[in-house]
Amino acid sequence: MEAKTIVQALRQALTEEMKKDERVVLLGEDIGIFNGAYRVTEGLLDAFGEDRVRDTPISEAAIVGAAVGAALAGLRPVVEIQFNDFITCAMDQVCNQAAKIRLMMGGQVSVPLVIRSPVGATGRAAQHSQSLEAWFMHTPGLKVVLPSTPYDAKGLLKTAIRDDNPVLFFEHKLLYGATSPGGKLSTSAAELDEVFEPAPEKEYYLPFGVADLKREGKDVTIVATGCMVHKSIKAAKILKSEGIDIEIVDPRTLVPLDIETIINSVEKTGRLVIVSEDVTTCGVASEIAAVVADKALFCLDAPVKRVCVPDTPIPFAPNNENRVIPQVEHIISAIRSVMS
Amino acid sequence: MAQNLNEDTLLEMYEKMLLIRKFEEKLYFLFLTRVMPGSMHQCNGQEACAVGVCANLVKNDYITSTHRGHGHCLAKGADVKAVMAEMFGKKTGLCKGMGGSMHIADFSVGMLGANGIVAAGIPQAAGAAWACRYLKNDHIAVAFFGDGAANEGVFHEGLNLAAVWKLPVVFVCENNLYGLSTHYRKVTAVENIAARAAAYNMPGTIVDGMDVLAVYETAREAVARARNGGGPTLLECKTYRYMGHSRFEKPSYRTQEEVEEWKQKDPIPAFAGRLKEEFMVSKEAITAIERKVDEEIENAVKYAEAGPDPEPDDYKQYIYA
């Protein structure tokens, strides 16, 4: 059956890769009988048993540390960190260990490890709402993935599991298509748009470092990631009626980053708006803006605009959270400013 | 004690301890003469811990190590020439010159790496042990770390995980009394770090880390327990480092008398004496080992010095697989 939600797509990817390769093992908090906080691992304990689907103590550093050790000793672990905010507890193992071991050891070994984790703000306040992908873009040795559709999620997770490097695989909570237990928010394909493409049941792998044009247009380039792809689609539809034709580039992987596709689009449109849910300073958008300034400055007809979270912890009150998370109206306003 | 040991094993342990001692003495000289780049952390005085434990391991067993990792690497069987070349940052080094002293590793003998971050190897050893059991390959993992590491969070997380998963791993704490300058009793709530094993429902054992046979015997039990499915052990070796924490350090935090007192318990001459008296090893055999080790180190230095530097862009090929 095709996967209409990202949760189903991820589960298919895990199932297919676990069937194919016994070295693929899962570990994380509450991924067994509880099925994972967002139900990605539903049914996998029954299908593959406790040896391969391991509930862990609430010890993020030891979870990632053990996964690193297991990867060095021949396994291909896939870690689930319940919220990406909790990766902070494992930063040494991610950034000093997994990311650097290959270089430090002169290429004697690689660390085939995937760390899956949800990102995004959904009413859970400052420590469960961040999007920390830029931190890991700043640590060479890691790869960073952030899909926006079930189709991309499945093909990219399968590639991540096959990759011999440590991969941070971020999943946006609002795109999962499933409600977390006790959670109030849910999303489904029906609430999104036509680019939220289902994943077919057949096997396929999507290459890293290849962006996807989620929409073609000639006036403004939007580079958007994760949930922001869909908000950008909404903005593009609204502005279409005003005659503004928007192109949307979804990098899909932030490391490696498909610079060529971004530059090609900017050369065509001459205008660039970058929409990302991480904070503004030293963020995903900062890096993309810098690359464009370096390689395509003279193609630009307007200043580059970043639509990101302002430099603040995410506040709890719904009206405050809404204010700081990039919304369709923020994107529209940025586009109007580069068009004026 | 030690009846199970044949003369070859005994002599091999002596040779390994001597190799580590002389290797580091040579490094010290090379650093002082500034032939060698970087910094280093020496384990002079602690050799019996690495050798006594590793004598119980086979090639494909894993170890994780610390910033003070030369001894563990050599005890696990890494090639002396390639270790020395890595100290020089040469392309012929074990890590192609990319890691240096603090990241020395040799995956061909299960040495998963020295580590610049205190205690980081502890959960990694647990993970490697998990892989061994999962792959049913009968191997085990050993984590070496110091007294300072026992106050890091991953020590506690790693021991707990290993215990609840009953993993084939041995945690070896080399308690050399000081975390850099700080005496462990100033910063550690227990007298014996081995006592912390109780909190993780695993055996905790204390051994004289200056006595290689005592370490060997104690580690033998822990290794057997791990290999037979009995789960992890915390083994605390009471030991001492003669040198400073790292290079160019003023020994302001301890007295020369204390250092001299520990040197009276030096594991190497003590073991040479026992080999002669208890195990009837000839003086000639001992001397032959000493000559062999000297020669091996001289050859290693020659090999290292003659080796090429990496190309300036070599690092690029190692960032990603």
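Residues numbered from 1 in each chain as written. Chains lettered and ligands numbered in written order. Predicted model: local features only at pLDDT ≥ 70, side-chain atom pairs only at ≥ 80, totals over all residues. Heavy atoms only, no water.

**Focus on the overall build of chain A**
Then, number 1: When helices and strands are counted, chain A shows twelve helices and twelve strands.
Then, number 2: Taken over C-alpha atoms, the radius of gyration comes to 19 Å for chain A, in line with the 20 Å a tight globule of 340 residues would show.
Then, number 3: Taken along the three principal axes of its C-alpha coordinates, chain A extends 60 × 45 × 40 Å.
Then, number 4: The proportion of buried residues among the 340 residues of chain A is 64%.
Then, number 5: A separation threshold of at least 6 residues defines the contact pool for chain A, and within that pool the share at least 24 residues apart is 81%.
Then, number 6: Summed over all atoms, the accessible surface of chain A reaches about 12,300 Å², with 53% contributed by carbon and sulfur. (Helix = DSSP H or I, 4+ residues; strand = E, 2+ residues; numbered from the N terminus. Rg over C-alpha atoms; globule rule 2.2 N^0.38 Å. Buried < 20%, exposed > 50% of the residue type's maximum accessible area, 1.4 Å probe, protein only. Contact = heavy atoms within 4.5 Å. Areas by Shrake-Rupley, 256 points an atom, 1.4 Å probe, with all protein chains shown as cover.)

**What to know about the packing of helix α1 (residues 6-20) of chain A against helix α7 (residues 150-162) of chain A**
Residues and elements named next belong to chain A.
Then, number 1: Viewed as axis vectors pointing N to C, α1 and α7 meet at an angle of 30°, and their least axial separation amounts to 8 Å. The angle between the axes of α1 and α7 places the two elements in the roughly parallel class. Between α1 and α7 the crossing geometry is right-handed. For the pair α1 and α7, contact is made by Ile6, Ala9, Leu10, Gln12, Ala13, Leu14, Glu16, Glu17 and Lys20 and by Pro150, Ala153, Lys154, Leu157, Lys158, Ile161 and Arg162, respectively.
Then, number 2: Partitioning the contact of α1 with α7 into residue classes produces nine nonpolar, one polar and six charged. (Axes fitted to C-alpha atoms, helices over the stretch in contact; angles between N-to-C directions. Parallel < 35°, antiparallel > 145°, perpendicular 65-115°, else oblique. Left-handed = near helix turned anticlockwise from the far one by under 90°. Nonpolar A, V, L, I, M, F, W, Y, C, P; charged D, E, K, R; others polar.)

**Some points on the packing of helix α3 (residues 60-72) of chain A against helix α5 (residues 121-134) of chain B**
Then, number 1: Direction vectors running N to C along α3(A) and α5(B) enclose 55°, while the axes themselves pass 6 Å from each other. Here α3(A) lies oblique to α5(B), going by the angle between them. The handedness of the crossing between α3(A) and α5(B) is right-handed. In this structure, α3(A) contributes Ala61(A), Ala62(A), Gly65(A), Ala66(A), Val68(A), Gly69(A) and Ala70(A) to the contact, and α5(B) contributes Pro123(B), Gln124(B), Gly127(B), Ala128(B), Trp130(B) and Ala131(B).
Then, number 2: The residue makeup of the contact of α3(A) with α5(B), split by class, is nine nonpolar, four polar and no charged.

**Digging into the domain arrangement of chain A**
Residues and elements named next belong to chain A.
Then, number 1: The assigned domain composition of chain A is domain 1 (6-191) and domain 2 (212-339).
Then, number 2: Relative placement of domain 1 and domain 2: their C-alpha centres are 26 Å apart.
Then, number 3: Listed by partner, the interface residues are 26 residues for domain 1 and 26 residues for domain 2.
Then, number 4: Carbon and sulfur atoms make up 62% of the surface buried where domain 1 meets domain 2, a total of about 2,000 Å² over both sides. (Domains from an automatic or database assignment. Buried area = accessible area lost by both parts, 1.4 Å probe.)

**Topic: the sheet that holds strand β9 (residues 246-250) of chain A**
Residue and element names in this part refer to chain A.
Then, number 1: Read from one edge of the open sheet, five strands run β7-β9-β8-β11-β12, paired in mixed fashion. In this open sheet, the two edge strands, each paired with only one partner strand, are β7 (212-215) and β12 (305-309). Strand-to-strand twist across the sheet, computed as the mean angle between neighbouring axes with direction ignored, equals 25°.
Then, number 2: With four bridges connecting them, strand β8 (residues 220-224) and strand β11 (residues 272-279) associate as parallel partners. (Pairing = 2+ DSSP bridges.)

**Comments concerning helix α10 (residues 267-277) of chain B**
Then, number 1: The complete set of buried residues in α10(B) reads Pro267(B), Ile268(B), Phe271(B), Ala272(B), Gly273(B) and Leu275(B).
Then, number 2: The backbone nitrogen of Ile268(B) lies 2.9 Å from a side-chain oxygen of the residue at the head of α10(B), namely Asp266(B). (Polar contact = N/O pair within 3.5 Å; in protein donor to acceptor, adjacent residues only side chain to side chain.)

**Observations regarding α7(A)**
Then, number 1: Across its 13 residues, α7(A) extends 18 Å between first and last C-alpha, which sits within 8% of the 18 Å expected from 1.5 Å per residue.
Then, number 2: Burial analysis of α7(A) places eleven of its 13 residues in the buried class, the great majority of the element. (Expected span 1.5 Å × (residues − 1).)

**Concerning the packing of aromatic side chains**
Then, number 1: Overall, the coordinates contain eleven aromatic pairs over all chains when judged by the stated rule.
Then, number 2: Taking 4.7 Å as the distance between ring centres and 10° as the angle between the ring planes, the aromatic pair formed by Tyr151(A) and Tyr204(A) counts as stacked. On the criterion of sequence distance, the pair formed by Tyr151(A) in helix α7 and Tyr204(A) in the loop between β6 (166-172) and β7 is long-range, its members being 53 residues apart.
Then, number 3: For Tyr151(A), a relative accessible area of 21% corresponds to the partly exposed category.
Then, number 4: Each ring, one from Tyr178(B) and one from Tyr253(B), has its centre 5.1 Å from the other, and the planes form 55°; the classification is tilted. A residue pair is termed long-range when its members are at least 10 positions apart, and Tyr178(B) in strand β4 (residues 178-179) and Tyr253(B) in the loop between β7 (233-238) and α9 (256-263) qualify at 75 residues. As far as the burial class goes, Tyr178(B) and Tyr253(B) line up, both buried.
Then, number 5: Aromatic ring contacts, followed pair by pair, group Tyr38(A), Phe83(A), Phe86(A) and Tyr176(A) into a single cluster. (Phe/Tyr/Trp six-rings, centres within 6.5 Å; stacked < 30°, edge-to-face > 60°.)

**What about a negative patch on the surface?**
Then, number 1: A contiguous patch of negative charge, built from Asp30(A), Glu50(A), Asp51(A) and Asp55(A), is present on the exposed surface.
Then, number 2: You can see Glu50(A) is positioned in the loop between α2 (44-48) and β2 (53-55). (Patch = residues over 30% accessible without salt bridge, like charges linked within 9 Å, V, L, I, M, F, W, Y side chains within 5 Å. Salt bridge = Lys/Arg side-chain N within 4 Å of Asp/Glu carboxyl O. Lys, Arg positive; Asp, Glu negative; His and termini not counted. Charge placed at Lys NZ, Arg CZ, Asp CG, Glu CD.)

**Section: the confidence of the model for chain B**
Then, number 1: Chain-level pLDDT for chain B is 95 on average; 98% of the residues reach the 70-or-more range.
Then, number 2: Interface confidence for the predicted complex, expressed as ipTM, amounts to 0.96; the pTM equals 0.96. (pLDDT = per-residue confidence, 0-100.)

**Some remarks on the pairing of β9(A)**
Residue and element names in this part refer to chain A.
Then, number 1: Most of β9 is tucked away, with five of its five residues classed as buried.
Then, number 2: Residue alternation in β9 divides its side chains into two sets, Ile246, Ile248 and Asp250 and Glu247 and Val249, and both sets are buried.
Then, number 3: The pairing of β7 with β9 spans three bridges and is classified as antiparallel. By the bridge assignment for β9, Leu213 is matched with Val249.
Then, number 4: Sheet topology note: the β8/β9 ladder contains four bridges and is parallel. Considered in β9, the bridge of Val223 is made with Val249.
Then, number 5: Each parallel crossover has a hand, and the one from β8 via helix α8 (residues 227-240) to β9 is right-handed. (Right-handed = clockwise from strand over helix to strand, strands pointing away.)

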